[in-house]
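Remarks on the overall topology
For reference, the chains in residue letters:
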Amino acid sequence: MSSVSGHISPGHSNGGGEVQGSVQKVSSKDRCLNDSLKDEILDFLIDGEARLHTYDDLTKVNPVTPTTVLKCLQARYNVKVFYTHAGCTLVALNPFQPVPDLYSLDVMKEYHCAPQLKEPKPHIFIVAEEAYRNVQGQLGPLDQSLVVSGESGAGKTWTSRCLMKYYATMAATSSVLESQDTVERIERRVLDSNPIMEAFGNACTLRNNNSSRFGKYIQLQLDRCQLLVGASVQTYLLEKTRVAYQPANERNFHIFYQMMKAATNQQRKEWNMPRSHHFAWLPEVEKTIEEDCFQETVDAMVHLRINTERQREIFRILAGILHLGNVNFSISADESQPCDIKEQAKDCLQTAAVLLQIPAEQLQTCLSVRTLKAGRQSVHKPCSQVECCVRRDCLAKVIYAQLFEWLVTFINNSICADKATWCNFIGVLDVYGFECFQNNNLEQLCINYANEKLQQHFVAHYLRAQQEEYVSEGLQWSFVKYQDNQRCLDLLEGSPISVFSLLDEESRLNRASDAKVLSIRLEKELADNGSISWDKFSEVPHFTVVHYAGKVNYKIEGMVEKNKDPVAPEIISLLQMSDNPLLRQIFTEKEAETSSSKGLSKVTVVSKFKNSLESLMSILHTTTPHYTRCIKPNSECKPFIFKKEEVIMQLEACGIVETIHISAAGFPIRIPFKSFTQRYGCILKHSSFKSEAQNLVKAGRDNDAGLQEVERLLSLVIHHPDHNIRREPKSSAHCGLTKVFLTQSMLDFLEDQRKKILSKCAFCIQCCWMRYQRRKRHERRHSATLIQAAVRSWLVRRRVQRWDRAAALIQTSWRKWRALLKSLAEAELDDVEDLITQDDVPELNAIIRERGSVQLSSIEEPVTVRGWPMGLALPSPPSITVSMRATGFHKMMSVVAALKLPSKRGEYKVETNQNMQGIASIRAQPKGSVKLHCQRSPLLYANRQPEMRNYVTGFNEILLEKTL
């Protein structure tokens, strides 16, 4: 194992004696330091025992040692706190049981709406929200990767499932109208891809009930508004050998047990799968786990729009694989004849042929006879019993592997969005954990190789790259020792000689593989590498690799054959003849891919997996990584059992302690000058606290303009009155040559100041906008008032003009009417006898005659004349004295004028008939008698302002009193 040496202080001599003396002196000092460190650890554990569970970030632990870190994790685990920050990494302890309300929707909203992510308690949602805010804040690189690592059974699959659920909920479309269609089309499909892939790719092992037997990298695609619009899935190295071989006390893939336990009677009849039937490839059937939920898998298929007929084809293929596992062969007495199928297995062969919809005879021939090509001729050679079983297993594995690839392709076509619709992504990496079993073969070698690559990515990105960057940027830094696994990677994938290169070379040779020959060659070629060793006294050829997580023994027997992954051409041709549309489609496409790659060297399992893993690593290197280390508290997978020995091995293997050291002493945030000034330049521009900062940076006038602006900004922030970080013992910010190095607390303060300034600017913009809106609204109101006033004045002028025309018309009509009445009265008085003698004169009522006609000459007392003061005509009134009392001046004058009497005060008595019955017209007779007749006069009741009285509709509606 290699490690980076510590920082050498100046002044040390290189001479031999001085070096030895120096070493002795250092060792003595180290002994003293170790004793003092033990005392510090003991004091810390004794004094802080009651509050060990309160350390939510392990960088606050002092001193940072494996013992103190372990004690803090154990204390938090005992109080049911399962997440803890470890600098840039989140440590997740598996509780091995459901925890109520730990991943509910309310908890998601709490972390999504938190102003600062360090304020809530540590949680996997903090990692998810931090990556999401990086995309929203446009802090490059924009694409994010969430790397979930740990041993098998540590909880990686569950953690990845929680991350996907968080993004499918928080990054969903906010519109209520669009949410129904969006959830049905995207978020729900992304979540429904999990049950299908876990059913077909996960299995129950000794270390985990839901162990991922393949690796997957899920890219959650976001549009410019950071909304989830699609996803894509990339898979790595499905353990297809588990279909035909299951280690002791382990199970096959989940989907087979789901079908066996939850199928309906009709499905069992179609699949020929009665409850009492035993399948050789389904061990541990009696064991029931939470993942045995067939209906959930079917519902997910429905949501992903896999129709009923396609589902029927899939399950028939799976049932055919199970029946194929019960096909056994007997040893042939004659080597020239193919092996026969055992009597009890013939029905299974027939059933498998029916379910796979291929001819049973051709299936038997394909399994027992091998076709060899000699030039242009084909030679048929019978297979031995072992070869028949290998060909049977190969048939089952290739069918299952191609079916799994078809499902992945179908899921991608269902949930992947167009490249034009998304611009960034957040990747969730869930791979198999580090494995070490009693018998380890090629699958475990590839799985552990993938974990080595991820560990190396973490080391290169964080432990080594950050420290080297500190030195290159001019920071005073002493290197922290850490475990580097580069030597192990050179052993496995190095060039020109490595385990994989020798294995591929042996696989491409057209000869039978020999485990001893390969073992001798590996020992000869790789003897100089300290990460590999051999047990020369072992009867079984194997080699031992020292991984970052421990030593693993790998069995060489059968490794070359698995690397070749041979599939006989006659098997592919047989499957292409299937009447099952899905099976025929899968292998027709596979044949097209194979024919297009002719002329190239044969692709082995190792080379294919290595290329796909390199593609994954290239993606991870272009994104911002976020690490989550899943820790397995105990190997029995029992709740709330914390085994210190197992946990401390995992902590040391993944470098948690070194990570805490670097995070506590270093600067986790590194931003280039240009990006820093673009994001936080508003603080310098809008801050009111500038006087002291202007004087602090005069010495930096000769530096680059970008560096000078950064120094001014940092000086302003550090000396800000609200900044309490400047009282910390270590600096919270440092200017390098091209980047600004910040602690998390300093970044939080900068973000707070930026938010305050943006809030002030937003408030100012809102005030200006509201003032502008109010001014425009006032102008519109004033304009409307002027328009209304102009319209009203025009209407009034128009109405007054109508009134004037109406008044003139009334006056003209009245004058004509008065002249007409006068002429009629004169004509009537001139010839009154003719009027009396005329037949058409109506006879007056007796009462009217009595009251209305009086003989003025025969009455001695003054007479009271009641009459309407209009239309009275007496051309020659009698010369008598009449005493009249006027009640109204205008009424009296009207009567006097109508009667043409001389005006004598007190001699006349005038009473009007406005409120009683009276006479409107008086006509005199020549013989001294006066007749009073009733005539209507419109003058008094003429409406001079018709708009003021709504009940008067015209000139004809003049209310007059009736005369009795």
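Residues numbered from 1 in each chain as written. Predicted model: local features only at pLDDT ≥ 70, side-chain atom pairs only at ≥ 80, totals over all residues. Heavy atoms only, no water.

1. With respect to the overall build of the protein chain
Using the following cut-off: A run of H or I in DSSP counts as a helix once it spans at least four residues, and a run of E counts as a strand once it spans at least two, with each numbered from the N terminus. The rule is simple: take the accessible area with a 1.4 Å probe, protein chains only, and divide by the maximum for that residue type; under 20% is buried, over 50% is exposed, in between is partly exposed. Using a 1.4 Å probe, accessible areas were evaluated by the Shrake-Rupley method; residue-level cover was limited to the displayed protein chains.
Each helix and strand counted, the protein chain has 30 helices and 24 strands in total. By residue count, 46% of the 964 residues in the protein chain fall in the buried class. Surface exposure of the protein chain reaches about 51,400 Å², of which carbon and sulfur atoms provide 53%.

2. Describing the sheet that holds strand S11 (residues 424-430)
The criterion, for reference: Strand pairing is defined by DSSP finding a minimum of two bridges between the two strands. A fitted line through C-alpha atoms represents every axis, and for helices the fit uses only the stretch in contact; the resulting angles, taken between N-to-C directions, go from 0 to 180 degrees. Note on contacts: a residue pair qualifies if any of its non-hydrogen atoms lie within 4.5 Å across the two residues.
Read from one edge to the other, the open sheet built from seven strands follows the order S2-S3-S16-S4-S11-S7-S8, with strand pairing classed as mixed. Two strands in the sheet have a free side with no partner beyond their single neighbour: strand S2 (83-86) and strand S8 (228-236). Pairwise comparison of adjacent strand axes, ignoring direction, gives a mean angle of 20° for this sheet. With four bridges joining them, S2 and strand S3 (residues 89-93) adopt antiparallel strand pairing. Bridged to histidine 85 within S3 is leucine 90. Packed onto the sheet, helix H5 (residues 156-170) meets strand S4 (144-150), strand S7 (215-222), S8, S11 and strand S16 (624-631) and runs at close to 155° relative to S4.

3. So, the side chain of histidine 254
Tracing the backbone shows histidine 254 in helix H7 (residues 254-262). What histidine 254 contacts, discounting residues up to four positions off in sequence, is Glu198, Ala199, Asn202, Ala203, Cys204, Asn209, Asn210, Ile289 and Glu291.

4. Remarks on the nonpolar core
Definition in use: Joining through side-chain atoms within 4.5 Å is the link that ties buried Ala, Val, Leu, Ile, Met, Phe, Trp, Tyr and Cys residues into a set, and such a set is a nonpolar core.
Formed by 193 residues in total, the largest nonpolar core has its most connected members in Phe200 and Phe543. Broken down by element, the residue count for this core peaks at 13 residues, all from helix H13 (residues 385-415). Cys682, Leu714, Leu742 and Met746 belong to the second-largest nonpolar core, a separate cluster that totals 20 residues.

5. Re the side chain of glutamate 129
You can see glutamate 129 is positioned in helix H4 (residues 124-136). Under the relative-accessibility criterion, glutamate 129 is labelled buried at 1%. For glutamate 129, the residues in contact, after removing those within four places along its chain, are Tyr111, His112, Leu117 and Tyr166.

6. A short note on the confidence of the model for the protein chain
Formally: Confidence of the predictor at the level of single residues is captured by pLDDT, which takes values from 0 to 100.
The pLDDT averaged across the protein chain works out to 77; a share of 73% of its residues lies at or above 70. Mean pLDDT across the secondary structure elements of the protein chain bottoms out at strand S1 (residues 2-3), with 38, and peaks at helix H10 (residues 308-324), with 94. A low-confidence stretch, residues 910-946 (pLDDT under 50), is modelled with 114 contacts involving residues beyond four sequence positions or located in other chains.

7. Some details on helix H17 (residues 515-525)
What counts, and what does not: Think of it as the arc spanned by the lines of direction from the helix axis to the C-beta atoms. Throughout this description, a polar contact denotes any pair of N or O atoms lying within 3.5 Å of each other; where both atoms belong to protein, one of them has to be capable of donating a hydrogen while the other can accept it, and for residues adjacent in sequence the pair is counted only when both atoms sit in side chains.
Those residues of H17 that fall on the buried side of the exposure criterion are Ala515, Leu518, Ser519 and Leu522. Along H17, the residues classed as buried sweep out an arc of 100° about the axis, all on the same side. Structural note: H17 exposes Lys516, Ile520 and Lys524 on the side pointing more than 90 degrees away from its buried face. Two to three positions downstream of the cap, the backbone nitrogen of lysine 516 sits 3.1 Å from a side-chain oxygen, assigning the N-cap of H17 to aspartate 514.

8. Let's talk about the packing of aromatic side chains
Quick note on the threshold: When two rings of Phe, Tyr or Trp (its six-membered ring) have centres within 6.5 Å they constitute a pair, described as stacked for plane angles under 30 degrees, edge-to-face for angles over 60, and tilted for the intermediate range. In our convention, an over-ring charge means Lys NZ or Arg CZ found within 6 Å of a ring centre and within 35 degrees of that ring's normal.
Inspection of the entire model under this criterion finds 24 aromatic pairs. Judged by centre distance (6.3 Å) and plane angle (55°), the ring pair of tyrosine 132 and tyrosine 167 falls under tilted. With tyrosine 132 in helix H4 and tyrosine 167 in helix H5, this pair connects stretches of sequence that are 35 residues apart. Owing to a relative accessible area of 2%, tyrosine 167 belongs among the buried residues under this scheme. Ring centres of phenylalanine 458 and tyrosine 627 lie 4.6 Å apart, and the angle between their planes is 85°; on these two criteria the pair is classed as edge-to-face. Residue phenylalanine 458 is found in helix H14 (residues 442-472), and its partner tyrosine 627 is found in strand S16; the two are separated by 169 residues along the sequence. As far as the burial class goes, phenylalanine 458 and tyrosine 627 line up, both buried. Arginine 251 extends its terminal NZ or CZ atom over the ring of tyrosine 257, reaching a point 4.0 Å from the ring centre. Over the ring of tryptophan 422 we find lysine 419; its NZ or CZ atom is 3.8 Å from the centre of that ring.

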